[in-house]
Amino acid sequence: MSDISKNASEASLEEQESKHAQVQADVDNASQTGDAGESFRSVSQEQDSHVSTATSIILPGQQKTRTNPLSLDWAFGMNSTLPVFCLQDDERLVILYVCAHIAVVYDHTANTQHLLQGHCSPISCVCVSEDRRWLVTADRGQDSLVIVWDTYTGIPVRTLFDCHPEGGTVALALSHDSKHLVMVGTGEVQQRLCVWDWTSESESPLCMTELPDAFGTQRHILFHPNDNTQLLSTSESRVLFHQMEGTALRHSAPEISDKTFNKAVGAFSQSVFHSGGAQAFSATALGNVLIWAPKAGAAGGYAALKLVPLQDNAITVLTQMDSYIVTGDSKGHVKFYGSSLKLLSHYSDMNLDCISSLSFGTKEPSGALGHPQDCTLAAKPFPIRNLVVSTDTAVVVHVTSEGGRVQTLLREHADSLQAVACHPHHPIVAMGSNSGILKLWDYEQKQLVCSRLFQKDPRIQCLTYDPHGVHLAVGFAGGGVCVLHGCSLHSEEMDSLPYCTHSITHMAFSHDSLYLATAVEYDLQGSGGDRLVVLSAERVEQSGVPTCMCWYPPLTTESFLLTTSHLYKMKLYNSTTKMCRKTLLGPCFGSPLRKMMLLPKNSEGDPSARYMAYITTDQVGLQILPLDGNPHRCSAQLCHSTGVSSMAVSHEGRYAFTAGGTDRTAFCWEISLSALEAAAALGGKDLEPFYSLLEGGRDGELFREMEDYFYYSQLRSQGLDSMEARQVSTHIPLAQVPFVMRALGFYPTEQELEDMQNEVKFSRYAETGQYVTQVDLPEFIRLFVNHRPAQGLQLHQLQWAFSVLGESHAATGHTHITRDTLLELLQARGEHMTEEELAECFSSLLGVSPEGGRLEWGRTSCQDADALLEKDIPEEISLETFVKGILGFPLSNPEASLASTNASSLTPARDTSAPPT
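Residues numbered from 1 in each chain as written. Predicted model: local features only at pLDDT ≥ 70, side-chain atom pairs only at ≥ 80, totals over all residues. Heavy atoms only, no water.

A.B. asks: Summarise empty space enclosed by the protein; cite the residues concerned and give the values.
C.D. replies: A complete count under the given rule lists two cavities of 30 Å³ or more for this structure. Roughly 70 Å³ of internal volume is contained in the largest cavity. In this structure, the largest cavity is lined by Met570, Leu584, Leu585, Gly586, Pro587, Gln623, Leu627, Asp628, Gly629, Asn630, Pro631 and Cys634. Classifying every residue of the lining of the largest cavity gives seven nonpolar, four polar and one charged. Lining the second largest cavity are Thr564, Ser565, Tyr568, Lys569, Met570, Gly586, Pro587, Pro592 and Leu593. (1 Å grid on protein atoms, 1.4 Å probe; cavity = no way out; pocket = protein on both sides within 12 Å on 5 of 7 lines; lining within 4 Å. Points joined across faces, edges and corners; volume = space filled by probe spheres on them. Nonpolar A, V, L, I, M, F, W, Y, C, P; charged D, E, K, R; others polar.)

A.B. asks: Describe the pattern of salt bridges, with residues and values.
C.D. replies: Considering all chains together, one arrives at 17 salt bridges under this definition. Of the charged contacts in the structure, one is a salt bridge between glutamate 203 and arginine 158, with a shortest N-O distance of 3.9 Å. Of this pair, glutamate 203 sits in the loop between β12 (192–197) and β13 (207–210) while arginine 158 is found in strand β9 (residues 155–161), placing the two residues 45 residues apart along the sequence. By relative accessible area, which is 6% here, arginine 158 ends up buried. Counted as one network, the salt bridges with shared partners bring together Asp322, Glu364 and Arg385. (Salt bridge = Lys/Arg side-chain N within 4 Å of Asp/Glu carboxyl O. Helix = DSSP H or I, 4+ residues; strand = E, 2+ residues; numbered from the N terminus. Buried < 20%, exposed > 50% of the residue type's maximum accessible area, 1.4 Å probe, protein only.)

A.B. asks: So what's going on with the packing of aromatic side chains? Residues and values would help.
C.D. replies: The relation between two aromatic rings is expressed through the spacing of the ring centres and the mutual angle of the planes. Following the criterion strictly, the structure yields 23 aromatic pairs and no others. Their ring planes at 75 degrees and their centres at 6.5 Å tell us that phenylalanine 746 and phenylalanine 784 sit as a pair that is edge-to-face. Of this pair, phenylalanine 746 sits in the loop between α8 (737–743) and α9 (750–761) while phenylalanine 784 sits in helix α11 (residues 777–787); the two residues are 38 residues apart in sequence, bridging distant segments of the chain. The same class applies to phenylalanine 746 as to phenylalanine 784, namely buried. One aromatic cluster is present, built from ring pairs that chain together Tyr324, Phe336, Tyr347, Phe360 and Phe382. Arginine 133 extends its terminal NZ or CZ atom over the ring of tryptophan 134, reaching a point 4.8 Å from the ring centre. Note that lysine 761 overlies the ring of tyrosine 771, its terminal NZ or CZ placed 4.9 Å from the centroid. (Phe/Tyr/Trp six-rings, centres within 6.5 Å; stacked < 30°, edge-to-face > 60°. Lys NZ or Arg CZ within 6 Å of the ring centre and 35° of its normal.)

A.B. asks: Pulling in residues and values, what's your account of the side chain of serine 650?
C.D. replies: Within the element layout of this structure, serine 650 appears in the loop between β48 (646–649) and β49 (655–659). Serine 650 sits in the buried class, given a relative accessible area of 1%. A polar contact of 3.2 Å, which involves the side chain of serine 650, links it to the side chain of glutamate 652. In this structure the side chain of serine 650 is engaged in a polar contact, spanning 3.3 Å, whose partner is the backbone nitrogen of arginine 654. Beyond its immediate chain neighbours, meaning those up to four positions away, serine 650 contacts Cys422, Tyr443, Pro600, Tyr655 and Phe657. (Polar contact = N/O pair within 3.5 Å; in protein donor to acceptor, adjacent residues only side chain to side chain. Contact = heavy atoms within 4.5 Å.)

A.B. asks: Tell me about the pairing of strand β19 (residues 279–284), and please be specific about residues and values.
C.D. replies: Counting buried positions along β19 yields five of six residues, so the element is predominantly enclosed. Two strands pair when backbone bridges link them, and strand β18 (residues 268–274) and β19 are joined in this way by five bridges, in the antiparallel orientation. Residue phenylalanine 273 lies in a different strand from β19, and its bridge partner there is alanine 280. Joining the antiparallel neighbours β18 and β19 is a turn of four residues, in which serine 275 adopts a positive phi near 55 degrees. Relative to strand β20 (residues 288–294), β19 runs antiparallel, the two sharing four bridges. Across the sheet, serine 282 pairs through a bridge with leucine 290, a residue of β20. (Pairing = 2+ DSSP bridges.)

Below, the structure is given as structure tokens:
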């Protein structure tokens, strides 16, 4: 993370902790009154707390001053498996829904979003208090969080860490007084149920219990309306009634089967208490409702009373509104029932798919006029609250009871969102998903321009505009391609044209917009006829796997191609000669770069520089050009925790867009180049950023060794046995660079050495026409930092190599490589080594020579290489022998086992007593 990002994060954290402390003092009073909301409202305004003084939704406006290079500006899409809540529906219509790891408070009236950011993993469950004041979000993942938010201000007032470290939270609910919070774990190891008093300072739950696997995974839970000690949870196979007794939590699980009522019950979906807890109802996938009644006697609990076949369709949502029981079903119908389960009213003409959630407004109906009629013979007015309905297909509608008006609030992508592209001249972004929906958004006005649904081949895989913005090409997973009008989505063809049977992965228009190229997976051996002719093929990596490529901007007189690899390296290749001209350390933010795009020139930032946006597996970032390996000249931020599928940049360079693939969302990021430049400036000038990449910095042992070896190389180049006067300078010959690199523990291959020397040799050739034959210490430090492995030697890489090349021992089962096999591989595969070179290398590694003492590279006089190799190398080489005995690499964690895949890296032991060899 860059320094400015750290400073901004620390400032934000300090401000948040201050708010937390102030809010927590307010919340403590709730434990005495039993009402958290009332406690906050009674706090004196002199405390200057936004939370304590807010009486309605007063979310802050958009921040004008950007302190981060990338700021989330808008969230497209939603998680249709989680409920949507109506927070306000009087003067303004405000709803809340989840978008990947973000909770979105959407003011539909003002067309604004307030994004609640705090989770690093996808939000898995969400709930709100009865008065819509408190929101609780939880996620699934290794570092799972539960966050309590104030919906009036958007401020997080409590964060609970590692409540369910075994995998996160799958269900939660607030009590009716908002004081208690219940959470249910995912059950990946053992499902646990915990009850917290979130208004207290305690870091432990009030009570906790583990649920048997035989009860199934409980995915829905709620509190008793009048008793916080009673809870009701539901899985597909079992309904559980829980009772808190002090710090203990016991449960009863009445067993229900098709034999209980001599009819099919169906899988349970949701349950609800009714009539103040005098009854409980559980809905099933067969349209039944199971009625529960309290047991008589001291044992308590509930018993199954009756199974009512309520409707023909599966009941997916069961809730309570005032005194009514409300259901949502798989056909998109909403029905209202009385306490005796008599149908009173229904919404059956909304043209919706399977309903996933129902949320009623906070405003009570003012009268009976204009409301729908009930289903009785008297046809009386049926005044009810307004309703927000969400479906499995990511559609959200607002139903106004008075007048019966159905208003669509959201219609988002119901499947993976894979493609995103920006218009080259207008503020329009195109988004396409595997559900066949293609949308054009005006990202400045945050309005939908138009949309189109593809049905024949719905899986949209990639999008691209032509340079003039007239055409938009759509590539499909089934191999089809469709060319549309860039702003209206009209086309002559109704659907895509099948050009091949494989997925279209990339597309590009020619500069004159006359030609369109597509990339698919080709069967080269089976190709014929109109087969592609490859003009040239160049190997760009020796051990790395290239991940992406783009044209480098014309910052120099040479034309370059920029490539990245999975080893966190970026390389510049001359576009004509294909020579590697520079190797640089790339952004290291957890995963390699997957796509790069140049930002268009604009008035912000350094006018002499260019900028680049990129994505990794789950992050989006910015990079300042020209590249030099300075880690402070790049930044990154989490964008999609489950993975990024695509990226696009707006035509004016102000916004970057990312598509999340399986999370069905896309994010709009506002770019601040001034914040990026400020972060780079805080990292230091000249060599200061590179010193920080050396172990110990400029005052560390590595830097002192580097200086010693640097000047020793001058003596070595002049001859160690020379009696002439020594010429000490600030440079060493280019030919000495490999020896100093090896002495410092970095062992580049011959190809890497050639790239390194070409980088220095031709560094000024385009400007001066002269070769560079010497290197000074600053240039050497840059070479060392940029070329050495970004993550050191990884133990799992050696384990993988042994598993591929080695043989399993019949007796022990351990993998080993025979001496003959190893020597043959070194001489016949990769960069071939001669037998003398092998003897020289192994003698240096093992610290032996025929004459005794240590060897200096290139000065061995071994006459019998075979005898030396057979003498000092064991016949069978295990992984432990190879790592410790031959390479001399101790584990970074001495207690880690070589057989353990958790050991992450090996550190070479530099011999400070010997000259570079």
